[in-house]
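Listed here are the chains, written in short residue letters.
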Amino acid sequence: MFLQTLVTGLAIGGIYALMANGYSLIFSIMGFSNIAYGTIIMLGSYIGFFAMTRFGQPFSLALIAAMVGAAILSLLSERFAYRPLRVRRAPSLFLMISAMGISMLLENLVYVLIGGSFYPFPQVFELGTVSIFGATLGFLDIFAIIFSFGAIFILNAFITKTRLGIAIRAASYDNITAMINGVNLNSVISLVFIISGLLAGLSGVFFGMKYMVYPGMGAITTKAYIAAVIGGLGSLPGAVVGGVILGVLESFVSVYASSSFRDVFSFTLLILILIFMPNGLFGKEAIEKV
């Protein structure tokens, strides 16, 4: 039971880590909480769902479509909702309000055009299980772990080993200094939103497969925010650690206590982190971040 619960927690934590990485990337560059990110995750899940159900595409192509579609939506939100405010040096609060507007607009469009029904994702992986040390592990959890942490590994290699990744890291420390040293800030920010959109599409598909696809699933951004705060806002390694901690905690609470207390423990952990470690486990001190 322990190992089975741990693997389930790691699968959920991997999805949270993907979300938190996309969330932290935007925060590290733009310095605001992108509330609309959850809506991009939701739309990515819908794109993957309809690619399989209405267009009959295999899972691999549906996953690619979800990632590309979410990346395009993320890029468009930056271009038309955030960049006009950023070039006018608007306060971070204004960017967050704009994100709230984008989130409400897109979510209500889904309600109007698609409806509020819950859709089960088509079966992709066999319902079979693998027995390891007496624990029964589902194929979906195993593949979620592989896909999630594989994507995180690729992202980390890109950020640390490539010139574009170095430019993103430089801009995350100081936008002005990065621009003085030849970094095209607009291009870097666009790239960050594309990457965060790709992660949103990937995590949205796996979240929809594990649970359901529905308009309100964008509220999962709250879990991404908690994971990012635990690890330290703006820290990518922290986002991974925070996501894993949150996923494992929720899994064990659901099994050994009650699923009704899952969110209670999550928000309690968030409060404790904010009280005793306001910068998170790996975060740096930040000023005027909203």
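Anything mentioned here points back to the structure above.
Here's a quick rundown of the structure. These numbers come from a predicted model, not from an experiment.

**Some thoughts on helix α2 (residues 37–53)**
And step 1. Helix length check: α2 (17 residues) gives 25 Å between terminal C-alpha atoms against 24 Å at 1.5 Å per residue, within 8%.
And step 2. A large share of α2 lies buried, amounting to 15 of its 17 residues.

**Some remarks on the packing of helix α3 (residues 59–87) against helix α8 (residues 185–210)**
And step 1. In contact at an axis separation of 7 Å, α3 and α8 are set at 140° when each is read in the N-to-C sense. When the axis of α3 is compared with that of α8, the two are oblique. For the pair α3 and α8, the crossing hand works out as right-handed.

**Remarks on the nonpolar core**
And step 1. If you look at the biggest cluster of nonpolar residues, it comprises 78 residues, and the most contacted ones within it are Met30, Tyr82 and Ile168.
And step 2. Per-element tally for this core: the top contributor is α8, with 14 residues.
And step 3. Once residues within four sequence positions are removed from consideration, Met30 is found in contact with Tyr82, Arg86, Ser92, Leu95, Ile189 and Phe193.

**Focus on the environment of Leu18**
And step 1. Relative to the helices and strands, Leu18 is located in helix α1 (residues 2–30).
And step 2. Measuring from C-alpha to C-alpha, the distance between Leu18 and Gly243 comes to 7.9 Å, with 225 residues separating the pair along the chain.
And step 3. Apart from residues lying up to four places away in sequence, Leu18 is in contact with Tyr37, Ser148, Ala151, Ile152, Leu199, Leu202 and Ser203.

**What to know about the pattern of salt bridges**
And step 1. Under the defined criterion, the tally for this structure stands at four salt bridges.
And step 2. Across the salt bridge formed by Lys223 and Glu250, the nearest N and O atoms sit 2.8 Å from each other. Residue Lys223 is found in helix α9 (residues 221–231), and its partner Glu250 is found in helix α10 (residues 236–256); the two are separated by 27 residues along the sequence.
And step 3. By relative accessible area, which is 10% here, Lys223 ends up buried.
And step 4. A salt bridge links Lys223 to Asp263; the nearest nitrogen and oxygen atoms lie 3.0 Å apart.

Reading the values: the criteria
Residues numbered from 1 in each chain as written. Predicted model: local features only at pLDDT ≥ 70, side-chain atom pairs only at ≥ 80, totals over all residues. Heavy atoms only, no water. Helix = DSSP H or I, 4+ residues; strand = E, 2+ residues; numbered from the N terminus. Expected span 1.5 Å × (residues − 1). Buried < 20%, exposed > 50% of the residue type's maximum accessible area, 1.4 Å probe, protein only. Axes fitted to C-alpha atoms, helices over the stretch in contact; angles between N-to-C directions. Parallel < 35°, antiparallel > 145°, perpendicular 65-115°, else oblique. Left-handed = near helix turned anticlockwise from the far one by under 90°. Core = buried A, V, L, I, M, F, W, Y, C linked by side-chain atoms within 4.5 Å. Contact = heavy atoms within 4.5 Å. Salt bridge = Lys/Arg side-chain N within 4 Å of Asp/Glu carboxyl O.

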